[in-house]
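Chain residues, written in single-letter form:
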Amino acid sequence: MGRLTQFARDHVREQLEEYIETNHLSAHSALPSERTLCEIFSANRVTLRDALQEMKNEGIIYSVHGKGNFIAPPKYVEDAKSFISYTAGWEADGHHVRSKVIDLRIIEAPKKVALSLDLHIGSPVYLLQRVRYLNDIPLFLETAHLPAESCPGLENFDFGRHSLYKILENFYNIKLCEQEHTISITHLSSHEAHLLNTQENAAAFFVKQVTTDINKTPMEYCISIIRADKYKMKGCLVAPSF
């Protein structure tokens with residue numbers, strides 16, 4: 001994309017955002033037709049479509065085939081600077097949280113899980129897979145692994161109703177205090193899309209995390225696949241003092 005083309009797209013994008021704000025368009029409100037928008041902004045159709053596509057990619061608007069473009073509902077924003085459980089964090093912000101357990105069993109730790117939890121390959125680990133709902137929207141698909149010897153009998157708890165971290169602390173005296181995250185982008189498989197009630201191949205966050213206790217012992221290796229159309233993360237980077 002040339003500089004002039006990019007400048008034109010960015011200018012139309014700014015005009016679109018100003019139009020949305022000035023007209024107080026809320027979630028699911030319809031935008032005017034592309035022809036009307038071109039007339040309003042004195043823009044050509046190609047430039048307008050580039051701007052609209054960029055806004056779709058960022059989850060600001062969405063399109064319905066044969067009907068047009070609409071304002072997307074706001075995304076859930078997670079502040080990545082603090083460590084807190086999914087349930088406790090979102091409930092504290094006034095959201096309704098629930099989970100659906102897909103799988104809970106003991107397996108032999110594969111290589112990646114074993115290395116992350118500082119275990120021998122093949123060691124028994126719990127596999128806990130859940131769909132996490134926020135205000136009844138399936139948002140996260142979490143697959144957690146925990147050393148079986150550290151939390152025997154974990155299968156007796158209902159993780160559709162209870163927080164894993166609270167169970168670990170209250171029943172196993174495991175106090176989790178630190179998480180290391182690796183975040184990348186993926187696209188949903190057919191199975192993942194079905195569980196998250198969205199479209200196959202939709203963009204999603206792929207978050208790998210290792211959670212340690214107060215003794216720096218790895219206690220959880222978790223993969224979270226998160227719908228990018230409903231969720232975003234924010235953080236604050238601070239320059240070191242010299």
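Residues numbered from 1 in each chain as written. Predicted model: local features only at pLDDT ≥ 70, side-chain atom pairs only at ≥ 80, totals over all residues. Heavy atoms only, no water.

1. What to know about the overall build of the chain
Next, step 1: Looking only at helices and strands, one finds seven helices and 10 strands in the chain.
Next, step 2: Out of the 242 residues in the chain, the part that is buried amounts to 41%.
Next, step 3: Partitioning the contacts of the chain with sequence separation of at least 6, the portion at a separation of at least 24 is 58%.
Next, step 4: When the accessible surface of the chain is summed, it comes to about 14,400 Å², and 50% of that surface belongs to carbon and sulfur atoms. (Helix = DSSP H or I, 4+ residues; strand = E, 2+ residues; numbered from the N terminus. Buried < 20%, exposed > 50% of the residue type's maximum accessible area, 1.4 Å probe, protein only. Contact = heavy atoms within 4.5 Å. Areas by Shrake-Rupley, 256 points an atom, 1.4 Å probe, with all protein chains shown as cover.)

2. Points about unusual backbone geometry
Next, step 1: Although it is not a glycine, N135 sits at a positive phi angle of roughly 55 degrees.
Next, step 2: As for its placement among the helices and strands, N135 is situated in the loop between β5 (124-134) and β6 (137-147).
Next, step 3: Residue N135 is classed as partly exposed on the basis of its relative accessible area, which comes to 30%.
Next, step 4: Even without being a glycine, N197 presents a positive backbone phi close to 55 degrees.
Next, step 5: Examined against the element boundaries, N197 turns out to sit in the loop between α7 (190-195) and β8 (203-213).

3. Let's talk about the environment of I167
Next, step 1: Mapped onto the secondary structure, I167 falls in helix α6 (residues 164-172).
Next, step 2: Under the relative-accessibility criterion, I167 is labelled buried at 6%.
Next, step 3: Between the alpha carbons of I167 and L154 there is a distance of 8.8 Å; along the sequence they are 13 residues apart.
Next, step 4: For I167, the residues in contact, after removing those within four places along its chain, are L154, F157, F159, H162 and Y172.

4. Considerations on the pattern of salt bridges
Next, step 1: A complete count under the given rule lists 14 salt bridges for this structure.
Next, step 2: Of the charged contacts, one joins D229 and R227 as a salt bridge, the two residues approaching to 2.9 Å between their closest N and O atoms.
Next, step 3: In this structure D229 comes out as partly exposed when scored by relative accessible area, which is 34%. (Salt bridge = Lys/Arg side-chain N within 4 Å of Asp/Glu carboxyl O.)

5. Topic: the sheet that holds β5
Next, step 1: Here six strands make up an open sheet; going across it, the order is β4-β5-β6-β9-β8-β7 and the pairing antiparallel. The strands lining the two open edges of the sheet, one partner per strand, are β4 (97-108) and β7 (176-187). Here the average twist between neighbouring strands, direction ignored, is 15 degrees.
Next, step 2: Judged from the six bridges that link them, β6 and strand β9 (residues 218-227) form a sheet pairing that is antiparallel. Directly across from F140, in β9, lies its bridge partner I226.
Next, step 3: α6 contacts β5, β6, β7, β8 and β9 of the sheet and is inclined by roughly 155 degrees relative to β7. (Pairing = 2+ DSSP bridges. Axes fitted to C-alpha atoms, helices over the stretch in contact; angles between N-to-C directions.)

6. Topic: the side chain of S163
Next, step 1: On the secondary structure map, S163 appears in the loop between β6 and α6.
Next, step 2: Only 3.3 Å separates the side chain of S163 from the backbone nitrogen of K166, close enough to count as a polar contact. (Polar contact = N/O pair within 3.5 Å; in protein donor to acceptor, adjacent residues only side chain to side chain.)

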